[in-house]
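If you want the building blocks of each chain, they are given just below.
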Amino acid sequence: LKKIFQGSQEEVVVDLPVACTKCAGTGAKDGNISDCGECNGQGKVRMRQQVGPFVQDVVRDCPTCRGSGHQIDERCEACRGDGKEIKSSTLRFNIPAGAEAGTRLRMRGKGGPAPNGKGEDGDLFIEIEVEVHPWFERSNADLIMSLPLGYSDLVLGTSIKLEHIDGKELVLKIP
């Protein structure tokens, strides 16, 4: 990715999973799904286990539908029954000024699509990584720079031009 400056609005193009357009994220051809025959659409099955002389009833996710309560009669050809496809998306987000390395930005609804096309899409987290700069050091939200000056510059005064971190020219006047 390109260099991104804090306090700016950025636009990044990334490939993200989205719900399949042909099956609406269900994974079934034409979006047709039916109730699971094993659990009758409940998503849970009751099993009896015998442990020594004791009998115990256990409720588990249905192994056939994996707890969804639905089964796909015929898989979607476009996504092969996955319910997802990858598309390029343009994301626009603001990086807060003073953000530190490890800061996470959350974009609601921009993450993975809802399973089986039901529910809300997941969230996308963007983690900020701050690069080390050759001249500037960071002290919380402040930038610090050590500038070596000669004795004559300190006594007589001078004006120094530097390229700032955002590419603009910075003029320091030493009286």
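Asker: Before we move on, could you go through the pattern of salt bridges and cite the residues and values that matter?
Answerer: Summed over the entire model, instances satisfying the criterion amount to seven salt bridges. Asp61 is the partner of Lys44 in a salt bridge, and the nearest nitrogen-oxygen pair spans 2.6 Å. One end of the pair, Lys44, is in strand β3 (residues 44-51); the other, Asp61, is in strand β4 (residues 54-61), and 17 residues separate them in sequence. For Lys44, a relative accessible area of 46% translates into the label partly exposed. For Asp61, a relative accessible area of 45% puts it in the partly exposed group. In this structure, Asp123 and Arg106 form a salt bridge, with 3.5 Å as the shortest nitrogen-oxygen distance. Of this pair, Asp123 sits in the loop between β7 (104-107) and β8 (124-127) while Arg106 is found in strand β7, placing the two residues 17 residues apart along the sequence. Classification of Asp123 by relative accessible area gives partly exposed; the value is 30%. One network of salt bridges, in which partners are shared, links Lys29, Glu74 and Glu77.

Asker: Break down the pairing of β3 for me, with residues and values.
Answerer: Note: β3 against β4, eight bridges, orientation antiparallel. When the sheet's bridge partners are listed, Gln50 is paired in β4 with Val55. Where β3 folds back onto β4 in an antiparallel hairpin, the turn is made up of two residues, including Gly52, whose phi is positive at roughly 65°.

Asker: Tell me what's going on with the nonpolar core, and back it up with residues and numbers.
Answerer: Ranked by size, the top nonpolar core spans eleven residues in total: Val12, Leu16, Leu91, Phe93, Ile95, Ala99, Leu105, Met107, Leu124, Ile126 and Ile128. Among the secondary structure elements, those contributing two or more residues to this core are β1 (9-19), β6 (84-94), β7 and β8. Counting residues in hydrophobic clusters, the runner-up holds five residues, among them Cys36, Cys39, Cys62 and Cys65.

Asker: Can you lay out the environment of Ser34 for me, pointing to particular residues and giving the numbers?
Answerer: Along the chain, Ser34 falls in strand β2 (residues 33-35). A C-alpha to C-alpha distance of 5.6 Å links Ser34 and His70, two positions 36 residues apart in sequence. If we skip the residues at most four places from it in the chain, Ser34 touches Gly69, His70, Gln71 and Asp73. Of note is the side chain of Ser34, whose polar atom sits 3.1 Å from the side chain of Asp73.

Asker: Go over the pairing of β8 with me, naming the residues and quoting the values.
Answerer: Residues of β8 alternate between two faces, with Leu124 and Ile126 buried on one and Phe125 and Glu127 left unburied on the opposite face. For β7 and β8, the ladder comprises four bridges, and the chain directions are antiparallel. In the sheet register, Arg106 faces β8, and the bridge partner there is Phe125.

Asker: Break down the state of the cysteines for me, with residues and values.
Answerer: Scanning the entire structure with this criterion turns up zero disulfides. Cys20 provides the cysteine sulfur closest to Cys23, a residue in no disulfide bond, and the two sulfurs are 3.7 Å apart. On the basis of relative accessibility, which here comes to 1%, the residue Cys23 falls in the buried class. Considering cysteine sulfurs only, Cys62 is the nearest to Cys65, which forms no disulfide, with 3.7 Å between them.

Asker: Which residues make up the side chain of Thr26, and what values do they have?
Answerer: Mapped onto the secondary structure, Thr26 falls in the loop between β1 and β2. A polar contact of 2.8 Å, which involves the side chain of Thr26, links it to the backbone oxygen of Cys23. Setting aside chain neighbours within four positions, we find Thr26 in contact with Gly31, Ile33, Ile72, Asn116 and Gly117.

About the criteria used
- Residues numbered from 1 in each chain as written.
- Predicted model: local features only at pLDDT ≥ 70, side-chain atom pairs only at ≥ 80, totals over all residues.
- Heavy atoms only, no water.
- Salt bridge = Lys/Arg side-chain N within 4 Å of Asp/Glu carboxyl O.
- Helix = DSSP H or I, 4+ residues; strand = E, 2+ residues; numbered from the N terminus.
- Buried < 20%, exposed > 50% of the residue type's maximum accessible area, 1.4 Å probe, protein only.
- Pairing = 2+ DSSP bridges.
- Core = buried A, V, L, I, M, F, W, Y, C linked by side-chain atoms within 4.5 Å.
- Contact = heavy atoms within 4.5 Å.
- Polar contact = N/O pair within 3.5 Å; in protein donor to acceptor, adjacent residues only side chain to side chain.
- Disulfide = S-S within 2.5 Å.

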